[in-house]
Every structure is written in structure tokens, then in C-alpha cells.
Amino acid sequence: MKPLLLVLSSPSGGGKTTIAKRLLQTRDDLGYSVSATTRGMRPEESDGVDYHFLPRKEFLRRQQAGEFLEWATYGGELYGTLKSEINRILSSGRHAVLDVEIEGARQIRAGFPSSLHLFVIPPSAGALIGRLTGRNTEPPELIRERITRAADELAAVSEYDYAILNQDVTLAVAQVAAILDAEAWRVSRQDSLHEFIDRLRHDVIAAASSIPVE
Ligand code: 5GP
């Protein structure tokens, strides 16, 4: 299969980052696109692994220089996918996994119609809020903003190709893997299909003409 862009979206606290990370641990045909952001680093994060943490000025400079495939504002901070990340992953023959919010996903869909878009749904409001508050990384007003935005983001589910309920992470990861495997058989994603079919047709016609006619 041609390497593709696998876009994972969900409201903040929906669990998509955990799913993406677990998926990456179990498969070597995937690469994680490390986004750039202007938001502060959380204690458990590291620069260059979870995000490229950039000062706002540097983010804007790179934006001006056309280095982003897409970018969006979230909670007053800037987030964007670097073209260099995607090139690095695709040129190694792997699929690129992108963890982006809805606006960025729309930009990717517009620029790359063959990208695969998955929406991760939290099983309940309680689970979503529990994850957001349990992180203990954002002040209450930012948590409130994220929860309010989550309600709007949930309404965008119909723009996605697949929707997965994140009730059990292991199951959700297996479902994403199953979707990826099924996509490999999609006619439009099969690299050498047409070449093979041409040869097969040629052989079938040759076989037919070699059958003696009474
Ligand atoms: P967080 O601050 O919780 O890490 O991320 C906030 C939101 O920004 C999440 O919905 C996440 O998916 C999104 N996000 C992370 N990286 C990118 C990116 O490169 N582009 C866009 N558009 N959104 C991103």
C-alpha cells in the first residue's frame, strides 16, 4: 500500500494520543508526526518527542516560511504539522500518524484527499472530564474552555471516515489496526494493482485464443 496520512482527532481528553502511542509501539509501518506548538511543555513530555516546543516568534517565522502542512489555534496556542515531519516518515515508506484537532484535519483533507481520518469518541462526559482534570496540567479556566470546545468538536464526527469508541484502549488500538489493514485492500490504495490486472488480462486473452475452436 502507498504510505498514507492517518489523521486521528478527538476532543481533548478523548484518548487519541494514548491510542496513537500504543499503535506506534505495536507496528513498525507507522511513524508519529511530531507537531510543533507554542504551548508550554507538561512535566511528562519531552521536546522533539511529544512536540517540538517553539517560542511563538519561531512558530510564526516557520509559518511565514511555508514550513507547515497545516496549523490551527487551540486554547490560545498555535499547533501545526511540519512538512519536514511528514516527508521524513513517508520517504521511509511508513504511514504518518497525525494527532490533530478538527480544523487541522479539515486542511489535511483538502490538501490530501486520500488521507484516512479517524475520530476517537470518549465513552462518556465523565471519562472525558476525568482525563482532562486528572492530568493536573491546565488551570481550571483552560479545562473549562477545552470541555466547551469538546462539545463542538464532537459534532464534527460526520466529517470522518471512521469513528471509534474509546471504552477500552487495547480494543480501540486493535480497531485502528484493523482499519489500517482493511485500507490496504482498497482498490485506490493498491500500488501495482493495475499493472498486475493488465498482465492478467493479457494472459487470460492469450489463454482463450489458444483454445482450439471446433
Ligand atoms: P494538547 O495541548 O492537549 O497536546 O493538544 C490540544 C489539541 O491540539 C489536541 O486536540 C491535539 O490533537 C491538537 N493538535 C496537536 N498537534 C496538532 C497539530 O499539529 N495541528 C493541529 N491542527 N492540531 C494539533
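Residues numbered from 1 in each chain as written. Predicted model: local features only at pLDDT ≥ 70, side-chain atom pairs only at ≥ 80, totals over all residues. Heavy atoms only, no water.

1. So, the environment of Gly13
- Checked against the element boundaries, Gly13 lands in the loop between strand E1 (5–9) and helix H1 (16–26).
- Taking the C-alpha atoms as reference, Gly13 lies 7.0 Å from Ile129; in sequence the two are 116 residues apart. (Helix = DSSP H or I, 4+ residues; strand = E, 2+ residues; numbered from the N terminus.)

2. Quick look at empty space enclosed by the protein
- All chains considered together, the criterion is met by one cavity of 30 Å³ or more.
- In this model, the largest cavity occupies a volume close to 30 Å³.
- Surrounding the largest cavity, Tyr32, Ser33, Ser35, Asp50, Tyr51 and Asp99 form its lining.
- Looking at side-chain class alone, the lining of the largest cavity contains two nonpolar, two polar and two charged residues. (1 Å grid on protein atoms, 1.4 Å probe; cavity = no way out; pocket = protein on both sides within 12 Å on 5 of 7 lines; lining within 4 Å. Points joined across faces, edges and corners; volume = space filled by probe spheres on them. Nonpolar A, V, L, I, M, F, W, Y, C, P; charged D, E, K, R; others polar.)

3. Details of the packing of aromatic side chains
- For the coordinates displayed, the defined rule picks out five aromatic pairs.
- With a centroid separation of 5.7 Å and 65° between ring planes, the pair formed by Tyr51 and Phe53 is classed as edge-to-face.
- By relative accessible area, which is 17% here, Tyr51 ends up buried.
- Look at Tyr74 and Tyr79: their rings are 6.1 Å apart centre to centre, the planes differ by 90°, and that puts the pair in the edge-to-face class. (Phe/Tyr/Trp six-rings, centres within 6.5 Å; stacked < 30°, edge-to-face > 60°. Buried < 20%, exposed > 50% of the residue type's maximum accessible area, 1.4 Å probe, protein only.)

4. Details of the side chain of Ser10
- Of note, Ser10 is situated in the loop between E1 and H1.
- Setting aside chain neighbours within four positions, we find Ser10 in contact with Gly15, Lys16, Phe119, Val120 and Glu153. (Contact = heavy atoms within 4.5 Å.)

5. Brief notes about the nonpolar core
- With 20 residues, the main nonpolar core has Leu6, Leu23, Val97, Leu116, Leu118 and Val176 as its most contacted residues.
- Of all elements in the fold, only E1, H1, strand E2 (30–32), strand E8 (116–121) and helix H7 (169–183) reach the threshold of two or more residues within this core.
- Take this core: its biggest share by element is six residues, from H7.
- Those residues in contact with Leu6 that sit more than four places away from it in its chain are Leu23, Ala96, Val97, Leu98, Leu116, Leu118, Val176 and Leu180.
- Core analysis: the second largest hydrophobic core is formed by 13 residues, Ile86, Leu98, Ile102 and Ile108 among them. (Core = buried A, V, L, I, M, F, W, Y, C linked by side-chain atoms within 4.5 Å.)

6. Things to note about the pattern of salt bridges
- Taken as a whole, this structure holds 19 salt bridges when the rule is applied.
- Ionic pairing is found between Asp29 and Arg27, a salt bridge with its closest N-O pair at 2.8 Å.
- The exposure class of Asp29 is partly exposed, given its relative accessible area of 26%.
- For Arg27, a relative accessible area of 16% puts it in the buried group.
- Where Arg149 meets Glu101, a salt bridge forms, and the shortest distance between an N and an O atom there is 3.0 Å. On the criterion of sequence distance, the pair formed by Arg149 in helix H6 (residues 140–154) and Glu101 in the loop between strand E7 (95–99) and helix H4 (102–111) is long-range, its members being 48 residues apart.
- A relative accessible area of 12% means that Glu101 is categorised as buried.
- Each of Arg39, Arg42, Glu45, Glu138 and Arg146 takes part in a single network of salt bridges with overlapping partners. (Salt bridge = Lys/Arg side-chain N within 4 Å of Asp/Glu carboxyl O.)

Function-wise, these values are silent; they only describe arrangement.
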